[in-house]
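Single-letter residue listing:
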Amino acid sequence: MIEIGKYNELRVLSKTEVGLNLTDGDKLVILPYVHVPAGTEIGDHLNVFVFVQKDGRLTATTQKPYACVGDFAFLKVVSDGEEGTFMDLGIDKDVYVPAREQKRPMQKGYKYVVYLYLDEQNDRLCASSKLYDFVEEEDFDFEEGDEVSLLISEETDLGYNAIINNTNIGLLYFNEVFVDVKPGDKRKGWIKKIRVEGKIDLTLQPSGYGHILDSKVMILKELKKSGGTIELGDKSTPEDIYQRFQISKSAFKKTIGSLYKERLITISDEEIRLLDEQGE
């Protein structure tokens, strides 16, 4: 069965004046000659992206779209109007965003995170910026502490919303983000907390005992490279700590606290120092 708005493995059936007829054994799809790979022969199989033209024809392309149906993506508006806008999908076919599917009116030249779907009436490729209509709210295929893929979707009063693994949505709080973040960014993140009401807190720093072990090795290595002293301590700012070690202040304090208990370092408000036997 041909999946519209997605990649399909199809067989070359015949040639026409405008392109190749491809088939899944049931339906025909036209692949314009401009997108036919050199050396393609009848009987070959091609992996193509399939969409529907205005006249209802199934059409294929070997161009690579930025996203497929069922994906969240950061796309640019190439034209706008009262009834809707069109966004660049990276292929000859733009994706349509009806006005009713725009969380806020979209403007030409700007980029927005949207979800790609098919119009149920005509299989037209569409998109929506009303992201909460398309995320899972109860089914979580992850646990607290898991590493996940994030797509930053928008800035809110509390922080940044982010799409998690292309299925859920969570929040990065302002006071826990120490790098420049903006909508459209793709980041590696971690699940910090799954709340009773189903809301998800995110972090850009890993946590847990395994991470503390890694941080200990890193900080000891940096101390030795720095001659035994680093000008960061209990009173240092989260920004300074993140800039040096790419970890949160909380993780930093847990790590140096562990090193202190092992009698490997000394700690002051603005400095950590290797004990003499470690610096040799």
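Described in the following lines is the structure provided in the data block. (Residues numbered from 1 in each chain as written. Predicted model: local features only at pLDDT ≥ 70, side-chain atom pairs only at ≥ 80, totals over all residues. Heavy atoms only, no water.)

So, on to the sheet that holds strand S18 (residues 272-274). Strands sit in the order S16-S18-S17 across an open sheet of 3 strands; the sheet is antiparallel. If you trace the sheet from one side to the other, it starts and ends with strand S16 (229-230) and strand S17 (265-267), each paired once. Relative to S18, S17 runs antiparallel, the two sharing 3 bridges. Looking across to S18, one finds that Thr266 is bridged to Arg273. Sheet strands in contact with helix H3 (residues 249-261) are S17 and S18, and its direction is about 125° off that of S17. (Pairing = 2+ DSSP bridges. Helix = DSSP H or I, 4+ residues; strand = E, 2+ residues; numbered from the N terminus. Contact = heavy atoms within 4.5 Å. Axes fitted to C-alpha atoms, helices over the stretch in contact; angles between N-to-C directions.)

The 5 strands are arranged S11-S12-S13-S15-S14 in a closed barrel whose pairing can be described as mixed. Averaged over all neighbouring strand pairs, the angle between strand axes comes to 55°, with direction disregarded. As paired strands, strand S14 (residues 186-194) and strand S15 (residues 200-203) are joined by 4 bridges and run antiparallel to one another. From the neighbouring strand, Trp190 faces S15, where its bridge partner is Thr203.

Take H3 next. Compared with the 18 Å implied by 1.5 Å per residue over 13 residues, the 18 Å span of H3 between its first and last C-alpha is a close match. For H3, every residue scored as buried is listed here: Ala251, Phe252, Thr255, Ile256, Ser258 and Leu259. What you see down the axis of H3 is that its buried residues fit within an arc of 155°, all on one side. With respect to the buried face of H3, the exposed residues turned more than 90 degrees away are Lys254 and Lys261. (Expected span 1.5 Å × (residues − 1). Buried < 20%, exposed > 50% of the residue type's maximum accessible area, 1.4 Å probe, protein only. Arc of directions from axis to C-beta.)

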